[in-house]
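If you want the building blocks of each chain, they are given just below.
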Amino acid sequence: LPAWQDSQLFIKDLHFDGVPMRIYLPREPSASKRRGVVFIHGGCGIFGSIRSYERICRYIARKSDSVVVSVGYHLAPEYRYPAQTLECLSATVHFLKTADTYGVDPARIIVCGDSVGGTFATSVCQELGHRTDIPKIRAQVLIYPFLQSLNFNLPSHQKNAAVAFLSRERTVHFILKYLNKDCSLKEPILAGSHVPESINLKYRKWINPDLIPDEFKLGYKPPLPALFLPQVHEEVQELFEAQVSPLLAEDAVVCGLPDTCIVTCEHDVLRDDGLLYKKRLEDNNVHVTWHHVQKGFH
């Protein structure tokens, strides 16, 4: 569908390296080059579109006087994982290289995404952190991002298990849909049966309820250890890749990330993903700004 008319913005549909994009350029002339925003929408990788995020992107462009490009990555399951991450990466690189064409300062471009868009934004920044052939991303903005698939029994999962729209059960269901897996695997994954003890031990330093501040653990009850099921583990190997679970990236990658803004919501199963990533970034000397929406939900 075509873009809506806007008295303050020029809006145009483009393709960056074959990826559909919609660009929002302020009509008012600027004395200097503007900031740029790469916006990656949410929707579990299987929903959402440029059009469904039109209002948000227009708002960002107007309020921040920035040039916004919205990434229309192709959706799963028709386009199989990791096509979505690769398209977001390709589009971001193209914009970094051609920023001058749109009156944008290539040193002042951020990558922003909500929900799985935050996952893709994180993956893009992890992939580009040590690249020297293109301009550096100035910052990443992660709005209630999904960041790990190892533990679905963190305090926020328990507290918000049945919250409307994104329940704990629906979260795993959508992940399996996105990866084109059998949804009957949902129950053992929710229990943690897909994770061998060796992987639990390796990543306990990063994914652990003990790392969540006490004020977010009221009423939390540690679950009983799950019985490991090798056949389930074999079926869902993708869950342990950094493109799906960016919290599993090594410190050598994390330390190269740009300044970060993380937004978490109290009534959100993914709240603790954001809290854990905040701590990881801070432990690696990455500057983090954190906004917590006390009455917010996913």
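Residues numbered from 1 in each chain as written. Predicted model: local features only at pLDDT ≥ 70, side-chain atom pairs only at ≥ 80, totals over all residues. Heavy atoms only, no water.

The next subject is the layout of surface pockets. In this structure, the largest pocket occupies an estimated 620 Å³ of space. Put simply, the parts of the chain that give the lining of the largest pocket at least two residues each are α6 (186-191) and α7 (197-203). Its residues assigned to classes, the lining of the largest pocket shows 16 nonpolar, five polar and three charged. Counted as a void, the second largest pocket has a volume near 230 Å³. At the level of secondary structure, the elements contributing two or more residues to the lining of the second largest pocket comprise β3 (34-40), α1 (54-64), β5 (104-114) and β6 (139-143). A class-by-class count of the residues in the lining of the second largest pocket yields six nonpolar, three polar and three charged. (1 Å grid on protein atoms, 1.4 Å probe; cavity = no way out; pocket = protein on both sides within 12 Å on 5 of 7 lines; lining within 4 Å. Points joined across faces, edges and corners; volume = space filled by probe spheres on them. Helix = DSSP H or I, 4+ residues; strand = E, 2+ residues; numbered from the N terminus. Nonpolar A, V, L, I, M, F, W, Y, C, P; charged D, E, K, R; others polar.)

Glancing now at empty space enclosed by the protein. Throughout the structure, instances matching the rule amount to one cavity of 30 Å³ or more. As for the largest cavity, its lining consists of 14 residues, and the residues nearest its centre are Cys-44, Val-116, Thr-119, Phe-146 and Ile-175. Contributing elements (two or more residues each) for the lining of the largest cavity: α3 (116-128) and α5 (168-178). Among the elements that line the lining of the largest cavity, the one with the most residues is α5, at four residues. Residue classes in the lining of the largest cavity are distributed as 10 nonpolar, four polar and no charged. If you count residues domain by domain, the lining of the largest cavity takes at least three from each of domain 1 (9-143) and domain 2 (155-240). (Domains from an automatic or database assignment.)

The domain boundaries assigned to the protein delineate domain 1 (9-143) and domain 2 (155-240). Each partner contributes residues to the interface: domain 1 has 11 residues there, and domain 2 has six residues. Taking both partners together, domain 1 and domain 2 bury about 770 Å²; carbon and sulfur atoms supply 69% of that area. Among the residues of domain 1 in contact with domain 2, Cys-44, Ile-46 and Tyr-81 are the three that bury the most area, contributing 54% of the side total. At the junction of domain 1 with domain 2, the criterion picks out one residue pair in polar contact (both at pLDDT 80 or more). Tallied by class, the residues present in the side of domain 1 that touches domain 2 amount to seven nonpolar, three polar and one charged. (Contact = heavy atoms within 4.5 Å. Buried area = accessible area lost by both parts, 1.4 Å probe. Polar contact = N/O pair within 3.5 Å; in protein donor to acceptor, adjacent residues only side chain to side chain.)

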